[in-house]
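Next come the chains, spelled out residue by residue.
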Amino acid sequence: MSDTKTFTGSDANGLEAIVSFEIVNSNQLQVTLTNLNGASVPSDSLVGLFWDITGDPNLSLTSATADSLFSGGKQVDGTVNLGPNGQGNTLNEWRFAYDSNGLGGDGSTSEQVSQTYGLGTAGYGIFDGGGGGQQQEYGIIGDINNDANPQFKGKKANTYVNDTVVFVLDGISADFDINSISNVRFQYGTSLSQPSLIGTTSTPDPDPTPDPDPTPDPDPTPDPDPTPDPDPTPDPDPTPDPDPTPDPDPTPDPDPTPNPDPTPHGNQLSTFEGSGIDPENNNPLAANVTFEIVDGELQVTLTNLNGASVPSDSLVSVFWDMSGDPSVSLISATAESLFSAGEQINATVNLGPNGEGTELNEWRLAHNSHGLGGETNEGGSPVTQTYGLGTAGYDIFDGGGGGQQQEYGIIGDINNDANPQISGNTYVNDTVVFRLSIPDNFDITSISNVRFQYGTSLSQPSFPGEKPDTASLGNYVWEDSNGDGVQNDGETAIANVTVNLLDGNGNVIDSTTTDENGLYSFTSLTPGDYQVQFVPPAGYEFTQANQGDD
C-alpha cells in the first residue's frame, strides 16, 4: 500500500496548486502544500487547505516550516517556523482546525467549508485567533522569481512564503490508510468568496503484465583446452655477489638550529566599542565592532547593543581608517535574524555584496583614500574616514543601501521592549557579519578612527569607537639542562621558539617566536580566557611541568 497521496487543482485564470500527504515516522502525516502560480495580487496567495479523512482521526499540528520568504520586496532564504498553534513561537501564522460537522465559515459570506480538517493562515472564522485574522500574512505566493510577481514589490506590510509550506501532523494510527484522505479544497485570498480549487488525484496505471521469461540461449560450445607451453629451461644458479664492504658509521649531524618563524604580525583581532545618546529622544545608544583575520580574510562583526524604538536609532554604518590604504573588497554580508512586519524571522540572510547579483544586496562597501565625504542635501558631519560599510546611502555607497533609507539597518535586541514602534521596513536583529578580501601582509593593528553611524542622515547620531581595556601575557623559554622543570642558575634562554596563542575554545588566534633572550609576549588582548601553546624546536622535548614554588 502506498504511503503518499497527491492532489492537484487549477482554474482557467492561471491558479494552480498541489498538495502531497505522506506517512512519515510511522505515526505522523506530512502535508506539503505548494502554490504553483506566480501571484500578481494578494488574492492570488494560497492561504488555506481543507480535506476530509474517513474515520475522523484526532490530529494535531506539530510543525509548519518554509524555506524561503518574500518580505519588504526582497527574497529571504532560510528555514522559518510558521507554527504550530499554542507552541508560543514567534510567528505562529499557520493554524490547524478540525470539526467533525464541517469547518463552516465566518458569516460574512454564504460560502462554507464542508470539509472537517483544515490548515490556514487567513482566519475565515475557522482558525481560532490565528492566521493573522483575515489577512494573507505568510500565505504562499508561488515562484518568487516569476514575472507575475512585480506588484508585490511595494507591498511591505505583509510577508509571503515562496512556493511551499511543509506541515507535520501527529495522531495517525499504525494502520492509517493514506487513501482515506479525500475531498481536498485549495483556498486563496482572505475571504471564502475568493478563489478556491477542487483537488483531484489521478488513479495510477495498473502494474504492467510482465514479459514472459525469454528463452535462454543454448550453452555455447566450449573452446578446446589450449596446448600448454613447454616448461622453460631454468637459469643456472647465479654467482653470488661478494659480501659488500660496510660503510663506516656515519658521523651524526649536530642538532640543527631551528629556522626562526616569520616575524609575528600582531594580534589577529581588534575590537572597538562606542556609546552615546540620541538627543531627539534621549534614548541610549551602544555598539561594537570586531575586526578579525579569519582564513585569510577580514571578518567585520557589527552589533547594535541597544533596542531601537525609532528608526533613527537603527545602526546603519560603520566607518574606519587603515594605515597603508590597502585594497579591500566586500565578499559577503550575512545576518541570522530579521524583524519584518512586526515579526521575528530567524534565518541566515545574504545582505551583500555589491555587484554580485544577490537577492538583497543592501549593505555596501565604500573606500576613498581622501575620505568618504557626506551628503549634498543634508547636514551633519562629513565622513573623514576612508573605509565604510553601510545600508543607508549618504551619497557614499553608490546606488546602495536603499538610498537614504535604513532598510536592513541593525536595531539591536529584537526582544527589547523598546522595539514596538519599529514598523514599515525590514531590520536586522543585533548583528551583521561581513567578510572582506585583504592583502597577504595585512596588519590588524592598522585599523583605527572608528565611527558608528545611526539613522538615515549624517546629522543623526554618531559616535567614535574606542578600544576597550586590553590585557597582555608573556614569559620566558629556557633550556632545562637537568630536566627538573625548574629554572636554575646557568640555564640559558632559547630563541626562535614558536609560541601560539589560543582562545578559550582552543582555536589558534595569534603566533609569535621568542626573541634572543627567550622572551615572548602577546599584547592588546581583550580581557578573557586564553591558552599558550609551545612548539618544541627540532632536537628538544618538554621536561616536567608545574615544578617549583612559583
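Just so we're clear, the structure is a prediction, and the values are computed from it rather than from any experiment. Each chain has its residues counted from 1, running along the sequence as written. Whole-chain, interface and lining totals are the exception, using all residues; otherwise, since this is a predicted model, local features are given only for residues with pLDDT of at least 70 and side-chain atom pairs are given and counted only at 80 or more. Computation of side-chain values covers all heavy atoms of the structure but excludes hydrogens and water.

Considering the overall build of the chain
Here is step 1: Helix and strand labels come from DSSP, where a helix needs a run of H or I of at least four residues and a strand needs a run of E of at least two; each type is numbered from the N terminus. For the chain, the count of helices and strands is 0 helices and 29 strands.
Here is step 2: In the chain, which comprises 550 residues, the share counted as buried stands at 44%.
Here is step 3: For the chain, restricting intrachain contacts to residue pairs at least 6 apart in sequence, the fraction spanning at least 24 positions comes to 63%. Think of it in three bands: residues with accessible area under 20% of the maximum for their type are buried, residues over 50% are exposed, and the middle band is partly exposed, with areas taken using a 1.4 Å probe on protein chains only. Residue contacts are counted whenever heavy atoms from the two residues lie within 4.5 Å of one another.

Considerations on the side chain of Gln-187
Here is step 1: Structurally, Gln-187 can be placed in strand 11 (residues 181-188).
Here is step 2: Judged by relative accessible area, which is 0%, Gln-187 ranks as buried.
Here is step 3: Here a polar contact is recorded for every N or O atom pair within 3.5 Å, except that within protein the pair must consist of a potential hydrogen donor and a potential acceptor, and residues adjacent in sequence are included only if both atoms are side-chain atoms. A distance of 3.4 Å separates the side chain of Gln-187 from the backbone oxygen of Ser-191, its partner in a polar contact.
Here is step 4: A polar contact is formed between the side chain of Gln-187 and the backbone oxygen of Pro-195, at a distance of 3.2 Å.
Here is step 5: Apart from the residues lying within four places of it in its own chain, the contact partners of Gln-187 are Ser-45, Leu-46, Val-47, Gly-48, Phe-50, Tyr-124, Leu-192, Gln-194, Pro-195 and Ser-196.

Looking at the sheet that holds strand 16 (residues 315-322)
Here is step 1: On the basis of which strands lie adjacent, the open sheet formed by 5 strands has the order 19-20-16-23-24 and antiparallel pairing. The sheet is open, and its two borders are formed by strand 19 (364-367) and strand 24 (462-465), each paired with just one other strand. Each strand axis lies, on average, 20° off the axis of its neighbour in the sheet, ignoring direction.
Here is step 2: Pairs of strands are assigned from DSSP output, requiring at least two bridges between the strands. In this sheet, strand 23 (residues 447-454) lies alongside strand 16 in antiparallel orientation, the contact comprising 6 bridges. Note on strand 23: the bridge partner recorded for Phe-319 is Arg-451. In this analysis an axis means a line fitted to C-alpha atoms, helices contributing only their contacting stretch, and an angle means the value between N-to-C directions, from 0 to 180 degrees.

So, the packing of aromatic side chains
Here is step 1: Think of it this way: a Phe, Tyr or Trp ring, Trp meaning its six-membered ring, pairs with another when their centres are within 6.5 Å, and the plane angle makes it stacked under 30 degrees, edge-to-face over 60, tilted otherwise. Tallied over the full model, the rule gives 16 aromatic pairs.
Here is step 2: On the numbers, 6.4 Å between centres and 35° between planes, the contact of Phe-96 with Tyr-117 is tilted. Highlighted residues: Phe-96 in strand 7 (residues 95-98) and Tyr-117 in strand 8 (residues 117-120), separated in sequence by 21 residues.
Here is step 3: Owing to a relative accessible area of 0%, Tyr-117 belongs among the buried residues under this scheme.
Here is step 4: Ring centres of Tyr-454 and Phe-463 lie 5.5 Å apart, and the angle between their planes is 40°; this geometry places the pair in the tilted category. In this pair, the class of Tyr-454 matches that of Phe-463, namely buried.
Here is step 5: Here the aromatic residues Phe-7, Phe-21, Trp-51, Phe-96, Tyr-98 and Tyr-117 are joined through ring pairs into a cluster of three or more.

Details of the pairing of strand 17 (residues 329-340)
Here is step 1: When strand 17 meets strand 22 (residues 431-437), the two strands line up antiparallel, connected through 5 bridges. Looking at strand 22, one finds that Leu-330 is bridged to Leu-436.
Here is step 2: Direction of pairing for strand 17 relative to strand 18 (residues 343-350): antiparallel, over a ladder of 6 bridges. When the bridges of strand 18 are listed, Thr-334 appears paired with Asn-350.

Here we look at the nonpolar core
Here is step 1: Definition used in this section: a nonpolar core is a set of buried Ala, Val, Leu, Ile, Met, Phe, Trp, Tyr and Cys residues joined via side-chain atoms within 4.5 Å. With 79 residues, the main nonpolar core has Phe-21, Trp-51 and Trp-320 as its most contacted residues.
Here is step 2: In terms of residues, this core owes the most to one element, strand 14 (residues 283-294), which gives 5 residues.
Here is step 3: Other than its neighbours up to four places away in sequence, Trp-320 contacts Phe-291, Leu-365, Gln-385, Thr-386, Tyr-387, Gly-388, Leu-389, Leu-436, Ile-447, Ser-448, Asn-449 and Val-450.

Some points on the side chain of Lys-5
Here is step 1: As for its placement among the helices and strands, Lys-5 is situated in strand 1 (residues 4-10).
Here is step 2: Asp and Glu count as negative and Lys and Arg as positive, but His and the ends of the chain are not part of the count. Any carboxyl oxygen of Asp or Glu within 4 Å of a side-chain nitrogen of Lys or Arg constitutes a salt bridge here. Although Lys-5 is buried, it forms no salt bridge, and the closest oppositely charged side chain is Asp-177 at an N-O distance of 7.6 Å.
Here is step 3: In terms of polar contacts, Lys-5 uses its side chain to reach the backbone carbonyl oxygen of Ile-181, at 3.1 Å.
Here is step 4: For Lys-5, the residues in contact, after removing those within four places along its chain, are Val-19, Ser-20, Phe-21, Ile-178, Asn-179, Ile-181 and Thr-201.

Description of the environment of Gly-373
Here is step 1: For Gly-373, the position within the fold is in the loop between strand 19 and strand 20 (387-390).
Here is step 2: With sequence-adjacent residues up to four places away left out, Gly-373 is seen in contact with Pro-382, Val-383, Ile-396 and Leu-458.

Brief notes about the environment of Asp-177
Here is step 1: Along the chain, Asp-177 turns up in the loop between strand 10 (164-170) and strand 11.
Here is step 2: Considering only alpha carbons, one finds Asp-177 and Thr-54, 123 residues apart in sequence, at a separation of 9.1 Å.

A word on the confidence of the model for the chain
Here is step 1: Summarising the model, the chain shows a mean pLDDT of 77, and 72% of its residues fall at 70 or more.
Here is step 2: Note that pLDDT drops below 50 for residues 226-230; the model gives that stretch 0 contacts with residues more than four away or on any other chain.
Here is step 3: Along the chain, pLDDT gives the predictor's confidence residue by residue, from 0 to 100. Across residues 355-359 the pLDDT falls below 50, and counting only partners more than four positions away or on other chains, this stretch makes 7 contacts in the model.

Some details on the sheet that holds strand 27 (residues 508-513)
Here is step 1: Spatially, 3 strands are ordered 27-26-29 in an open sheet, and the strand pairing comes out antiparallel. Every other strand in the sheet has two partners, leaving strand 27 and strand 29 (530-535) as the edge strands with one partner each. Across the sheet, the mean angle from the axis of one strand to that of its neighbour is 25°, orientation sign disregarded.
Here is step 2: Two elements, strand 26 (residues 498-503) and strand 27, share 5 bridges in a ladder whose sense is antiparallel. Paired with Thr-498 across the two strands is Thr-513, which belongs to strand 27.

Here's the deal with unusual backbone geometry
Trans is the common state for peptide bonds, and a negative phi is the common state for residues other than glycine.
Here is step 1: Of note in this structure, Ser-26 is not a glycine but carries a positive phi near 70°.
Here is step 2: For Ser-26, the location among the structural elements is in the loop between strand 2 (16-24) and strand 3 (28-35).
Here is step 3: On the basis of relative accessibility, which here comes to 55%, the residue Ser-26 falls in the exposed class.
Here is step 4: Even without a glycine there, the phi angle at Asp-430 is positive, about 80°.
Here is step 5: Topologically, Asp-430 is positioned in the loop between strand 21 (427-428) and strand 22.

Points about the environment of Tyr-188
Here is step 1: Locating Tyr-188 in the fold gives a position in strand 11.
Here is step 2: Relative accessible area serves as the criterion here: at 0%, Tyr-188 is assigned to the buried category.
Here is step 3: In this structure, the C-alpha to C-alpha distance between Tyr-188 and Asp-44, residues 144 residues apart in sequence, is 5.9 Å.
Here is step 4: Separated by 3.4 Å, the side chain of Tyr-188 and the backbone oxygen of Glu-16 make a polar contact.

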